[in-house]
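The residues making up each chain are set out below.
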Amino acid sequence: MTVSNSPLNNVKAHKQYSEMADTPSAGNVKVVDAYPTRLAQAPKSLTQPRRDGVVKGRQLPGPLTQAQLDEFERNGYLFIPNLFIGEELTALREELSALMSNDAYRDKEFSVTEPQSQEMRSLFAVHKLSKRLGALASDERVAGAARQIIGDDPYVHQSRINYKPGFAGKGFNWHSDFETWHAEDGMPHMHAVSASLILTDNHEFNGPLMLIPGSHMEFVPCLGETPEDNHKSSLKAQEVGVPSPEALTHLVGKYGIDAPKGKAGGLLLFDCNTLHASNANLSPDPRSNVFFVFNRPDNRCVEPFAAPKQRPQFLAHGPGERWNPGE
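Residues numbered from 1 in each chain as written. Predicted model: local features only at pLDDT ≥ 70, side-chain atom pairs only at ≥ 80, totals over all residues. Heavy atoms only, no water.

Draft legend 1. How the structure looks around helix α1 (residues 66–75). Residues of α1 that are buried: Q68, L69, F72 and N75. The buried residues of α1 all sit within an arc of 145° when viewed along its axis, so they share a single face. Seen from the open side of α1, the exposed residues pointing more than 90 degrees away from its buried face are A67 and R74. Remark: G76 follows α1 within two positions and exhibits a positive phi of approximately 80°. (Buried < 20%, exposed > 50% of the residue type's maximum accessible area, 1.4 Å probe, protein only. Helix = DSSP H or I, 4+ residues; strand = E, 2+ residues; numbered from the N terminus. Arc of directions from axis to C-beta.)

What follows is the structure in C-alpha cells.
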C-alpha cells in the first residue's frame, strides 16, 4: 500500500476538474432534479442508472493508487487497513472518548442518543468541536483520497462520531446517503464521498457496516413525503428515504453484500450512493468511528429537492461556512 502513516498533513489546493460535464450549477441558479425521490407513487422501475461519474480526479495528486481507484469505481467502496497506527491512533481514540463523554453535548441538537437509553450514539460537526478532528478532516491521507475521487479539493459537508455500545447498540436500515442529502439537504449530484476511520476493531459480531458493492451505479427512488423536521426521528431510526424490499432484493441478488472488517485505524471510503446498513451490536465490544462526508465545492447544496426546508447547519455544512456550537 502506498499511503504513508505520516503525521497529520493538510491538503493543498488543486483547482482542477476531470469531468467538466459533471459540474453542476450552484448559487441561485435553478438546478434540475436528476434524481427524483420521496415519490407519491411507485416508479415504473425499481432503480434508475447513475448519471454522474464515480472517480473524477485520477490525474490529481493524492495517496490512492490507480488500482485502488479502480477498486473504488468498481465496488463503490475501498477499505484501507492500518492507515493510522501507534500513538497517532491512540490520540484519536482518546479524543473520541473525551467528546462522547462530554455531558455538555448530551442534550444538544447535534448529539443523538440511543432510542432506548441516554447513551450518546452520534455526535455531529466534530471537525468544528475538536481541533484534532478538524486536522484529521484536512489530512492528506483522508482528504487527499477524497480529492482524487470527487475531482477537486473537498469541503466537509458533514462530520460525526458514531458509537455503537456493546449489547445495546442498535442497527440502521438500508439506505443511500445521497438520497437523503439530495432530498433533504439539496445536494444536486453524486460528487461526494464518505470517509469512515474505524477507531475500534470491527468484526462480524459488533454490527459492522454492510454495503452492497456496485449499488452506487443505480439510484433507488424512495416513496413517501418527507415529514417536517424529519431529522429529529431519522437520526435515531430512519423510516423515510429507505429502499423498498423489492429494490433491495433486486440489488442484493445482483451484487451481494460485503462487510469490510479490520483492526482499529483502518479507513473505509465509500461513494455517497452506495447502499449500506448495519445490524445491532450483540457483542460486548463497542464499535466506533469518526466519519467525514467530503463534497465538491461546485456541488454545494441548493434548495432541498424533496423536503419542506433544509436541515440544520450541523448536518449540512457549506464550503467556508462558520458554525458555532453555542448558537
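Draft legend 2. Seen up close, the environment of E321. Turning to its location among the elements, E321 is positioned in the segment after β12 (287–295). Considered as a pair, E321 and V156 are 165 residues apart in the sequence and their alpha carbons are 9.8 Å apart. Beyond its immediate sequence surroundings of up to four residues, E321 is in contact with K128, Q313 and A316. At 2.9 Å, the side chain of E321 forms a polar contact with the side chain of Q313. At 3.0 Å, the side chain of E321 and the backbone nitrogen of G318 are in polar contact. (Contact = heavy atoms within 4.5 Å. Polar contact = N/O pair within 3.5 Å; in protein donor to acceptor, adjacent residues only side chain to side chain.)

Draft legend 3. Geometry of the nonpolar core. Residues L123, L136, L269, V290 and F294 are the most contacted members of the largest nonpolar core, which totals 47 residues. Looking at this core element by element, the count peaks at six residues for helix α5 (residues 140–150). Among the nonpolar cores identified, the runner-up in size contains 16 residues, and Y35, W181, A192 and F270 belong to it. (Core = buried A, V, L, I, M, F, W, Y, C linked by side-chain atoms within 4.5 Å.)

Draft legend 4. Up close: the pattern of salt bridges. This model, assessed by the stated rule, comprises 14 salt bridges. Where R141 meets D139, a salt bridge forms, and the shortest distance between an N and an O atom there is 3.0 Å. For D185, the salt bridge goes to R311, with nearest N and O atoms at 2.8 Å. Here the residue D185 occupies a position in helix α6 (residues 177–185), and R311 occupies one in the segment after β12, the gap between them amounting to 126 residues. Taking relative accessible area as the criterion, D185 reaches 1% and is therefore assigned buried. Using a relative accessible area of 10% as the deciding quantity, one classes R311 as buried. (Salt bridge = Lys/Arg side-chain N within 4 Å of Asp/Glu carboxyl O.)

Draft legend 5. View of unusual backbone geometry. A positive phi is found at R38, a non-glycine position, where the angle reads about 55°. Inspection of the secondary structure puts R38 in the segment before β1 (48–49). Of note in the backbone geometry, A125 takes a positive phi value of approximately 60° without being a glycine. With respect to the helices and strands, A125 occurs in the loop between β4 (120–124) and α3 (126–129). The exposure class assigned to A125 is buried, which follows from its relative accessible area of 0%.

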